[in-house]
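Breakdown of the fold
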Amino acid sequence: MTTTVWISPSATAFSCLCEPCLDRARDAGLLFSDALTAASVRGSLAVEADVTVVRCAADHEIVLRRVERPPGLPRHDDRQLQIA
Ligand SMILES: [Zn+2]
């Protein structure tokens with residue numbers, strides 16, 4: 001079971017919950033706050049990477065996918081700041 005997390009187009013860091021770990025903690029009867037701590041995964045990612053695969057502490061795969069930009073919001077371009 002793979003967790004897929006959608007990341008905003010400009011994000012360079014993420015914080016998410018591993019769903020299998022959350023299920024496991026729930027099955028084990030952990031307190032909800034302990035379950036969140038056990039399932040929490042954080043890290044950084046390259047801004048140019050559209051898909052990044054990370055693993056939680058229990059080695060479950062988590063796929064980070066960037067949300068596609070709407071056509072009206074093109075990728076940031078420094079040249080736009082050079083209007084004299
Ligand atoms: Zn996990």
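Residues numbered from 1 in each chain as written. Predicted model: local features only at pLDDT ≥ 70, side-chain atom pairs only at ≥ 80, totals over all residues.

1. Looking at the overall build of the chain
Put simply, the rule is: Numbered from the N terminus, helices here are DSSP runs of H or I no shorter than four residues, and strands are runs of E no shorter than two. Three exposure classes are used. Buried residues have 20 or more other C-beta atoms within 10 Å of their own C-beta, exposed residues have 12 or fewer, and partly exposed residues fall in between, all C-beta atoms being placed from the backbone. For every residue pair, C-beta atoms are placed from the backbone, and the pair is scored as a contact if these atoms sit within 7 Å.
The helix and strand tally for the chain stands at 2 helices and 5 strands. Burial statistics for the chain: of 84 residues in total, 10% are counted as buried. Long-range pairs, those at least 24 residues apart, make up 48% of the contacts in the chain between residues at least 6 apart in sequence.

2. What about the pairing of strand S4 (residues 51-55)?
To keep things clear, this is the line we draw: Each pair of strands is called paired provided DSSP finds at least two bridges between the two strands.
Little of S4 sits out of view: just 0 of its 5 residues are buried. Here S4 runs beside strand S5 (residues 61-66); their pairing, made up of 5 bridges, is antiparallel. Bridge pairing in S5 places Val-53 opposite Val-63. Counting the residues in the hairpin turn of S4 and S5 gives 5 residues, including Asp-59, whose phi is positive at 70°.

3. With respect to unusual backbone geometry
A positive phi angle is found at Asp-59, which is not glycine, with a value near 70°. Of note, Asp-59 is situated in the loop between S4 and S5. C-beta crowding within 10 Å serves as the criterion here: with 8 such atoms nearby, Asp-59 is assigned to the exposed category.

4. Side note on the nonpolar core
Stated precisely, the cut-off is as follows: Take the buried Ala, Val, Leu, Ile, Met, Phe, Trp, Tyr and Cys residues, join any whose C-beta atoms are within 7 Å, and the set you get is a nonpolar core.
Ranked by size, the top nonpolar core spans 7 residues in total: Cys-18, Cys-21, Ala-35, Ala-39, Val-41, Ile-62 and Leu-64. Secondary-structure elements contributing two or more residues to this core are helix H2 (32-39) and S5. Ile-62 has contacts with Thr-3, Val-5, Cys-16, Cys-18, Val-41, Val-54, Arg-55 and Cys-56, leaving out every residue within four places of it along the chain.

5. Structural notes on the environment of Ala-58
On the secondary structure map, Ala-58 appears in the loop between S4 and S5. With 12 C-beta atoms counted inside 10 Å, the residue Ala-58 sits in the exposed group. As a C-alpha pair, Ala-58 and Cys-21 span 37 residues in sequence and 7.5 Å in three-dimensional space.

6. Re the sheet that holds S5
Threshold: To obtain an axis, a line is fitted to C-alpha atoms, over the contacting stretch when the element is a helix, and the angle between two such axes runs from 0 to 180 degrees between their N-to-C directions.
Read from one edge of the open sheet, 3 strands run S1-S5-S4, paired in mixed fashion. Both outer strands of the open sheet, strand S1 (3-7) and S4, are each paired with one neighbouring strand and no more. On average, each strand axis in the sheet is inclined to that of its neighbour by 25°, with strand direction left out of account.

7. Quick notes on the environment of Ser-8
Within the secondary structure layout, Ser-8 lies in the loop between S1 and strand S2 (13-17). Assessed through the 10 C-beta atoms surrounding it within 10 Å, Ser-8 is described here as exposed. Separated by 60 residues in the primary sequence, Ser-8 and Glu-68 place their C-alpha atoms 8.2 Å from one another.

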